[in-house]
Amino acid sequence: MPHLTSAGTARRTSGAEQLGFGVPGYAHPLLAPTEWAELTRSGTPLHWAVLNIDNGPGARPDPHCLEAAGRLRNARERAVHDRAAQDAVRAGGGLLLGHLDLTFGNRPFGELIADAQSFLDWYRVDGFYLDRCPAERADLPAVRRLTSTLAALLEEGEDSGDEEAGSELLVLGHGTHPYPGYAETADQLVTFSGAWTDYRWSQVAEWTADYPPERFAHFVHGVPRTHLDEAMRIARWQGAGTIFFTDRTIRTDHGGQTDPFAALPGYWDEIVSRIGPGISE
């Protein structure tokens, strides 16, 4: 199974390595046009972004999502072909992932595969984000079966000429450190997803030191602008190569929770300039 970047010597990052963004799922492109447009902006260090229509691919192709997917694909293709220095990260990433909700192992295998096929047929996704992925040892065989099947589906798309060779990606959205065996079932693991108040005191699992930073992602909400440097130091020290930090927090509005990762952080331009090559106008 290909990885986002080539595997290297296991290490804690020194701070010189290139961080990049993993976007766990902006709001629908009709409701968040600015967010989706920013993903295609030259100089944005994007590793991947998740497309989620209705907790999955939806019942039919959505024209707004088709347009957003096409724009992201075109931006990546331009970066790959041009190899411009400012888009070097996007040339190695910039992938679109379909959202599959595992509901902590309670979702039937057949439903997940059907959703995956719809994502491939309609949106030509580069891979999948397995949200609410189990983390316990007992669930590992079922997750391994699923990721093996998804990898085969992605390879079929590659063989048919629909996808660029070697661009497929599988990300497990645990949100916590799982049983170590999960590291061999996918390309990347989300080992932290939560609040800044928890992240700043978090500890990394020792077994993660056996893998390079591109194998791990951290999502943190409620990060104040004044603590961005500290948050990035933690990510690098804990060996995460992909991040999404935001100053937005979880709120309860009219009886429902708002997703802090569904919109741009208030300091988007600043964090792009800090971890990327700078914003190109």
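For the structure itself, consult the block above.
Keep in mind the model is a prediction, meaning the values are calculated, not measured.

(A) Representation of the sheet that holds strand β4 (residues 127–131) in the model. With parallel pairing, eight strands are arranged side by side around a closed barrel as β1-β2-β3-β4-β5-β6-β7-β8. Between one strand axis and the next, the sheet turns by 25 degrees as a mean value, whatever way the strands run. Where strand β5 (residues 169–173) and strand β6 (residues 188–195) come together, two bridges link them in parallel fashion. Note that in β6 the partner of Val-171 across the bridge is Gln-188.

(B) Representation of the packing of helix α7 (residues 228–237) against helix α8 (residues 268–275) within the structure. Relative orientation of the contacting elements α7 and α8 amounts to 45 degrees, with a least axis distance of 12 Å. By the criterion of interaxial angle, the relationship of α7 to α8 is oblique. The crossing of α7 and α8 is right-handed. Two secondary-structure elements touch here, α7 through Leu-228, Asp-229 and Met-232 and α8 through Glu-270, Ile-271, Arg-274 and Ile-275. Considering only residue class, the contact of α7 with α8 consists of four nonpolar, no polar and three charged.

(C) Quick look at the packing of aromatic side chains. Taken as a whole and assessed by the stated rule, the structure comprises 16 aromatic pairs. When the centroid spacing of 6.0 Å and the interplanar angle of 55 degrees are considered together, the rings of Tyr-199 and Phe-245 count as tilted. In this pair, Tyr-199 is assigned in helix α6 (residues 196–199) and Phe-245 in strand β8 (residues 242–246), connecting sequence segments 46 residues apart. Residues Tyr-199 and Phe-245 agree in their burial class; the two are buried. Judged by centre distance (6.1 Å) and plane angle (85 degrees), the rings of Trp-207 and Tyr-211 are edge-to-face. Tyr-211 matches Trp-207 in its accessibility class, with the two residues each being buried. An aromatic cluster is defined as three or more aromatic residues linked by ring pairs; in this entry it consists of Phe-21, Tyr-26, Trp-36, Trp-48, Tyr-129, Phe-219, Phe-244, Phe-261 and Trp-268. Between the NZ or CZ atom of Arg-145 and the centre of the ring of Phe-109, over which it lies, the distance is 3.7 Å.

Thresholds applied
- Residues numbered from 1 in each chain as written.
- Predicted model: local features only at pLDDT ≥ 70, side-chain atom pairs only at ≥ 80, totals over all residues.
- Heavy atoms only, no water.
- Pairing = 2+ DSSP bridges.
- Helix = DSSP H or I, 4+ residues; strand = E, 2+ residues; numbered from the N terminus.
- Axes fitted to C-alpha atoms, helices over the stretch in contact; angles between N-to-C directions.
- Parallel < 35°, antiparallel > 145°, perpendicular 65-115°, else oblique.
- Left-handed = near helix turned anticlockwise from the far one by under 90°.
- Contact = heavy atoms within 4.5 Å.
- Nonpolar A, V, L, I, M, F, W, Y, C, P; charged D, E, K, R; others polar.
- Phe/Tyr/Trp six-rings, centres within 6.5 Å; stacked < 30°, edge-to-face > 60°.
- Buried < 20%, exposed > 50% of the residue type's maximum accessible area, 1.4 Å probe, protein only.
- Lys NZ or Arg CZ within 6 Å of the ring centre and 35° of its normal.

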